[in-house]
Amino acid sequence: LASPLMLGNDPRHMTAATKRILTAPGLLRINQDPLGKQARRVWRDGKLQIWVKPLRRATHAILLFNGGDTKTDITTRWSRDLPEASAGHEVEVARFPSCSDKPESAAACANWAKSGECEKNPGFMKSNCRRSCDDCPPALYEGRQATGYVTNAWESESEGGFIALYTARHVEPHEARVITVSFDVAAPPYAEPGPSAGSRDGAEVLHASPLKRRRRRAKPEAAADVPTADESHAVRDTASRVLASRAHPSAMAAATVAGGGAACE
């Protein structure tokens, strides 16, 4: 989420796994992305969830979470989970896995299937005329599909291009996998930007990293906020009496009366 990072545990006793999560550069960049967009859940199937967070440079972070009790695969589909981002990058692709009639039988397969040979002679027909007999395995994709270029957010390493979908394999119970996806092959992988100077509203800004606080030129204080000489003298005098009273508890009452107010330890 786009939020400050706060520890709710004792840093002296953090496990190695916790430290890895809190210090993973790729995850920190996603959390502190300057676009400032929140993640939202786009898919849920029982205890499996997929969350998407828009990032700068037309990139998206995707979290695939297994909330169940058994190891499983989780698949994100670009057309389902990132429909707007992927829509402008679709091209015609071949069916996968492929399924066709054997070339030597292809010319006759359609007629054989119409005459009922798929049921009469299933051994031969399913071996030579699978497509005509509608005996193909389910297609993972076909037709117009986008290719997403995936980076492993944990390791900040590119995993390559994936047509139509990406599957996180063997996700452990209560484990989350995080990737970043871009549909522009020319775009650099999502990573920490290099330093560059800029200005905004007349103030200098150092765009060094989304993890680092932006430094601005300090504004001069208004004249009304500057204490007068008499006020400064009064503050110093009162402070001296309070410090003296704390150093010598027996003088507490005298300091309080002299200062004209209440004192407390």
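So, how was this worked out
- Residues numbered from 1 in each chain as written.
- Predicted model: local features only at pLDDT ≥ 70, side-chain atom pairs only at ≥ 80, totals over all residues.
- Heavy atoms only, no water.
- Patch = residues over 30% accessible without salt bridge, like charges linked within 9 Å, V, L, I, M, F, W, Y side chains within 5 Å.
- Areas by Shrake-Rupley, 256 points an atom, 1.4 Å probe, with all protein chains shown as cover.
- Salt bridge = Lys/Arg side-chain N within 4 Å of Asp/Glu carboxyl O.
- Helix = DSSP H or I, 4+ residues; strand = E, 2+ residues; numbered from the N terminus.
- Buried < 20%, exposed > 50% of the residue type's maximum accessible area, 1.4 Å probe, protein only.
- Core = buried A, V, L, I, M, F, W, Y, C linked by side-chain atoms within 4.5 Å.
- Contact = heavy atoms within 4.5 Å.
- Disulfide = S-S within 2.5 Å.

### A closer look at a nonpolar patch on the surface
Then step 1. Taken together, the side chains of Leu7, Ile21 and Leu22 define a hydrophobic patch exposed on the protein surface, amounting to about 250 Å² of accessible area.
Then step 2. With respect to the element layout, isoleucine 21 can be found in helix H1 (residues 16–23).
Then step 3. For isoleucine 21, a relative accessible area of 46% translates into the label partly exposed.

### Structural notes on the nonpolar core
Then step 1. Residues Ile62, Ile74, Trp78, Ile179 and Val181 are the most contacted members of the largest nonpolar core, which totals 17 residues.
Then step 2. Counting residues per element, the ones that place at least two in this core are strand E2 (48–55), strand E3 (59–66), strand E6 (141–152), strand E8 (165–171) and strand E9 (176–182).
Then step 3. Among all residues touching isoleucine 62, those that are not within four sequence positions of it are Ile50, Trp51, Val52, Thr76, Trp78, Leu82, Arg177, Val178, Ile179 and Val181.
Then step 4. Counting eight residues, the second largest nonpolar core, distinct from the first, contains Ala61, Ala153, Trp154 and Val178.

### Here we look at the pattern of salt bridges
Then step 1. All told, the structure shown has eight salt bridges when counted by the stated rule.
Then step 2. Notably, a salt bridge pairs aspartate 73 with arginine 169, separated by 3.1 Å at the nearest N-O pair. With aspartate 73 in strand E4 (residues 72–77) and arginine 169 in strand E8, the pair connects residues that are 96 residues apart, well separated along the chain.
Then step 3. Judged by its relative accessible area of 32%, aspartate 73 is partly exposed.
Then step 4. Arginine 177 is paired through a salt bridge with glutamate 175; the nearest N and O atoms lie 2.8 Å apart.
Then step 5. Relative accessible area serves as the criterion here: at 24%, glutamate 175 is assigned to the partly exposed category.

### Digging into the state of the cysteines
Then step 1. Under the criterion given, the structure shown has three disulfides.
Then step 2. Residue pairing for cysteine 99: its cysteine sulfur links by disulfide to cysteine 136, the two sulfurs lying 1.8 Å apart. The S-S bond linking cysteine 99 to cysteine 136 shows a torsion near -75 degrees; that makes this disulfide left-handed. With a gap of 37 residues between them, cysteine 99 in the loop between strand E5 (90–96) and helix H5 (106–114) and cysteine 136 in the loop between helix H7 (122–128) and E6 connect regions that are remote in the sequence.
Then step 3. The disulfide partner of cysteine 118 is cysteine 133, and the gap between their sulfur atoms is 1.9 Å. With the S-S dihedral at roughly -85 degrees, the linkage between cysteine 118 and cysteine 133 falls on the left-handed side. Of the two residues, cysteine 118 sits in helix H6 (residues 117–120) while cysteine 133 sits in the loop between H7 and E6, which places them 15 residues apart along the sequence.
Then step 4. Of the residues examined, cysteine 118 reaches a relative accessible area of 12% and is grouped as buried.
Then step 5. Look at the protein and number its bonded cysteines as they come in the sequence; the links are 1-6, 2-4, 3-5.

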